[in-house]
Amino acid sequence: MEKFIPYGRHFIDGDDIKAVVDVLRSDFITQGPKIKEFEEALADYCGAKYAVCFNSGTSALHAAYFALGLQEGDEFITTPISFVATANAGLYLGARPVFCDIEEDTGNIKSDLIEEKISPRTKLISVVHYAGHPVDVQKVREVADRCGLKVVEDACHALGALYKGEKIGSCKYSDATVFSFHPVKHITTIEGGAVLTNGENVYKKLLMFRNHGITKSPEDMLSASHGSWYYEMQFLGYNYRFSDVQAALGLSQLKKLPFFVEKRREIASLYNEAFRNSPYFYIPVEKDYATSSYHIYVIRLKDKFVERKREIFERLRAWRLGVQVHYIPIYLHPYYQSLGYHRGLCPVAEDFYERAITLPLFPSMKKEEISYVVKTVHEVFNEFAV
Ligand SMILES: *Cc1c(COP(=O)(O)O)cnc(C)c1O
């Protein structure tokens with residue numbers, strides 16, 4: 001195996017390219033009919049009423065938090081084991097993230113610990129379905145209902161995953177669910193994201209937030225119309241718009257999603273089989289309420305090997321495995337340290353970070369690549385056994 005095998009990779013074929021080229025040759029390359037079509041297909045797939053697309057998963061998170069009323073001075077509870085966007089999106093609104101520790105096996109927020117983090121300022125709980133394994137979100141909903149809070153699912157890892165047999169994105173237990181269509185995620189629109197919701201008012205706010213806080217719907221106007229050209233800006237939104245070209249790619253990718261998820265689960269189960277009895281590390285778990293869509297495959301080093309993670313990682317890289325680490329606990333980044341968060345805040349998350357290594361996993365992986373990963377992982381760890 002000569003080539004570097006990345007941890008994740010997009011899958012684009014001739015149908016995708018044709019869909020994009022067709023739109024490039026059409027009357028609309030942005031703000032045309034494809035956006036709505038993709039949004040409806042996505043809402044349909046997930047079993048939610050509404051979907052609104054954005055130009056990134058991050059802007060989708062920003063919009064979701066805004067639409068649910070997060071504002072200056074509020075707090076929101078979230079996990080430190082995520083991409084920084086989950087917390088940053090709340091900072092954009094002047095709210096403070098309160099980090100809650102995680103479960104050591106799934107890497108997901110530990111729902112039993114959420115309640116003690118709630119203060120009079122808490123407005124919402126934002127959970128992350130880490131690696132594609134759903135959070136026990138019904139439990140989170142129960143806490144939220146008791147305390148009058150909103151629930152957001154950052155499902156950027158979990159398109160195609162099931163929770164208690166239902167699709168992530170149905171928003172059965174949440175007020176909004178957010179996806180990303182970055183090329184390493186389950187489907188790609190190059191850059192892009194979406195918010196799903198069942199709330200009509202949330203939906204309207206999302207649409208306006210995407211376009212400067214502007215509405216063109218006569219029934220929503222605050223002032224009398226000046227004429228048929230009239231539109232109103234009612235709050236400060238952004239240009240977070242999605243394009244028809246991206247939507248066309250999304251529609252074409254969405255058709256392949258069942259295949260993508262199946263492939264990811266197949267590779268995960270090959271890895272599970274190969275590494276089940278590893279004396280060196282733990283393999284991912286799958287709880288009885290969850291069907292993971294395996295955005296990433298994360299192994300966790302056993303005690304004796306934690307100290308040597310850096311060497312092991314570099315060795316795997318030297319053998320051209322594009323291993324990664326997901327994630328540095330968000331509050332350990334210098335910017336968050338400057339906001340007053342301290343090491344030791346979430347000990348399980350910090351320990352998880354010390355152990356976690358992400359192995360390559362993506363739908364277009366070839367048989368030889370999968371067996372090369374298995375063989376190389378075995379060999380490298382055996383070197384470290386003595
Ligand atoms: C990818 C990702 C995001 C951000 O998505 P972008 O499309 O890159 O802005 C947010 N949260 C999580 C958990 C992600 O994995």
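Placed above this text is the structure.
Below is a summary of the structure that appears in this document. Just so it is clear, the structure is predicted and the values come from calculations on it, not from any experiment. (Residues numbered from 1 in each chain as written. Predicted model: local features only at pLDDT ≥ 70, side-chain atom pairs only at ≥ 80, totals over all residues. Heavy atoms only, no water.)

Notes on the site of the ligand
Under the convention used in this document: Summary of the distance rule: residues count as near a molecule or strand when at least one heavy atom falls within 4 Å of that molecule or strand. Counted as a polar contact is a pair of N or O atoms within 3.5 Å, where, for protein atoms, one must be capable of donating a hydrogen and the other of accepting one, and residues adjacent in sequence contribute only when both atoms are in side chains. Computed by Shrake-Rupley with a 1.4 Å probe, the accessible areas treat only the displayed protein chains as cover when residues are assessed. Where helices and strands are cited, they refer to DSSP runs of H or I of at least four residues and of E of at least two residues respectively, numbered from the N terminus.
As a matter of local geometry, the ligand sits amid 16 residues, with Gly 57, Thr 58, Asp 154, Ser 180 and Lys 185 nearest to it. In the model, an oxygen atom of the ligand is placed 2.8 Å from a nitrogen or oxygen of the Ser 180 side chain. One of the side-chain N or O atoms of Lys 185 is found 3.0 Å from an oxygen atom in the ligand. Considering the ligand on its own, with 380 Å² of exposed area, one finds that the protein chains cover 92% of that surface. For the shell around the ligand, the secondary structure elements donating two or more residues are helix H3 (57–67) and helix H4 (85–91). In terms of residue count, the dominant contributor to the shell around the ligand is H3 (3 residues).

Things to note about the packing of aromatic side chains
Describing an aromatic ring pair means giving the distance of the ring centres and the angle of the ring planes. Keep this limit in mind: Two rings from Phe, Tyr or Trp (for Trp, the six-membered ring) form a pair when their centres sit within 6.5 Å of each other. Planes less than 30 degrees apart are called stacked, planes more than 60 degrees apart edge-to-face, and all others tilted.
On inspection of all chains with the given rule, the structure shows 28 aromatic pairs. Measuring from ring centre to ring centre gives 5.6 Å for Phe 99 and Tyr 331, while their planes differ by 50 degrees; the resulting arrangement is tilted. You can see Phe 99 sitting in strand S3 (residues 96–99) and its partner Tyr 331 sitting in the loop between helix H9 (309–318) and helix H10 (334–338), a full 232 residues away along the chain. Three or more aromatic residues link up through ring pairs in this structure, and these residues are Tyr 271, Phe 275, Tyr 280, Phe 281, Tyr 294, Tyr 297, Phe 305 and Phe 381.

A look at the pairing of strand S8 (residues 176–180)
Convention followed: Relative accessibility decides the category of a residue: with a 1.4 Å probe and only protein chains considered, values under 20% of the type maximum give buried, values over 50% give exposed, and everything between is partly exposed. Note: two strands are recorded as paired if DSSP finds a minimum of 2 bridges between them.
The buried count for S8 comes to 5 of 5 residues, which makes it a mostly enclosed element. Burial along S8 is two-sided: Ala 176, Val 178 and Ser 180 and Thr 177 and Phe 179, pointing in opposite directions, are all buried. Direction of pairing for S8 relative to strand S9 (residues 193–197): antiparallel, over a ladder of 4 bridges. From the neighbouring strand, Val 178 faces S9, where its bridge partner is Val 195.

A look at the pattern of salt bridges
As a reminder, the rule being used: The rule for a salt bridge is simple: a side-chain nitrogen of Lys or Arg has to be within 4 Å of a carboxyl oxygen of Asp or Glu.
Per the stated rule, a full pass over the model turns up 20 salt bridges. With a shortest N-O distance of 2.8 Å, Asp 22 and Lys 18 are connected by a salt bridge. Residue Asp 22 and its partner Lys 18 are both found in helix H1 (residues 14–24); the two are separated by 4 residues, about one turn of the helix. Salt-bridge contacts for Arg 146 lead to Glu 115; the nearest nitrogen and oxygen are separated by 2.5 Å. Of the two residues, Arg 146 sits in helix H5 (residues 137–147) while Glu 115 sits in the loop between S3 and strand S4 (122–128), which places them 31 residues apart along the sequence. On the accessibility criterion, Arg 146 (56% relative accessible area) is exposed.

Overview of the sheet that holds S4
The cut-off we apply is this: Under this scheme, a helix contributes an axis fitted over its contacting stretch, all axes are lines through C-alpha atoms, and angles between N-to-C directions fall in the 0 to 180 degree range. What makes two residues a contact is simply this: any of their non-hydrogen atoms within 4.5 Å.
One open sheet holds the 7 strands; their spatial order is S1-S9-S8-S5-S4-S2-S3, and the pairing between them is mixed. Every interior strand has two partners, whereas the edge strands, strand S1 (50–54) and S3, have only one. Taken over all neighbouring pairs, the strand axes of this sheet differ in orientation by 25 degrees on average, direction set aside. On top of the sheet, helix H2 (residues 33–46) reaches S1, S8 and S9; it is set at about 130 degrees to S1, its chief contact. Its contacts with the sheet put H3 on S1, strand S2 (75–78), S4, strand S5 (150–154), S8 and S9, and the angle it makes with S8 is roughly 165 degrees.

Notes on the packing of H1 against helix H7 (residues 244–275)
Quick note on the threshold: When describing relative orientation, an angle under 35 degrees is termed roughly parallel and one over 145 degrees roughly antiparallel, while 65 to 115 degrees is termed roughly perpendicular and anything else oblique. Here a crossing is called left-handed whenever its near helix is offset anticlockwise from the far helix by less than a right angle, and right-handed whenever the offset is clockwise. Residues are grouped as follows: Ala, Val, Leu, Ile, Met, Phe, Trp, Tyr, Cys and Pro are nonpolar; Asp, Glu, Lys and Arg are charged; every other residue, Gly included, is polar.
Taken N-terminus to C-terminus, the directions of H1 and H7 make an angle of 155 degrees; their axes are 8 Å apart at the nearest point. Classified by the angle between their axes, H1 and H7 sit roughly antiparallel to one another. Where H1 crosses over H7, the two elements pack in a sense that is right-handed. Of the residues in H7, those touching H1 at Asp 15, Asp 16, Ala 19, Val 20, Val 23 and Leu 24 are Asp 244, Val 245, Ala 248, Leu 249, Ser 252, Gln 253 and Lys 256. Taken together, the residues of the contact of H1 with H7 break down into 7 nonpolar, 2 polar and 4 charged.

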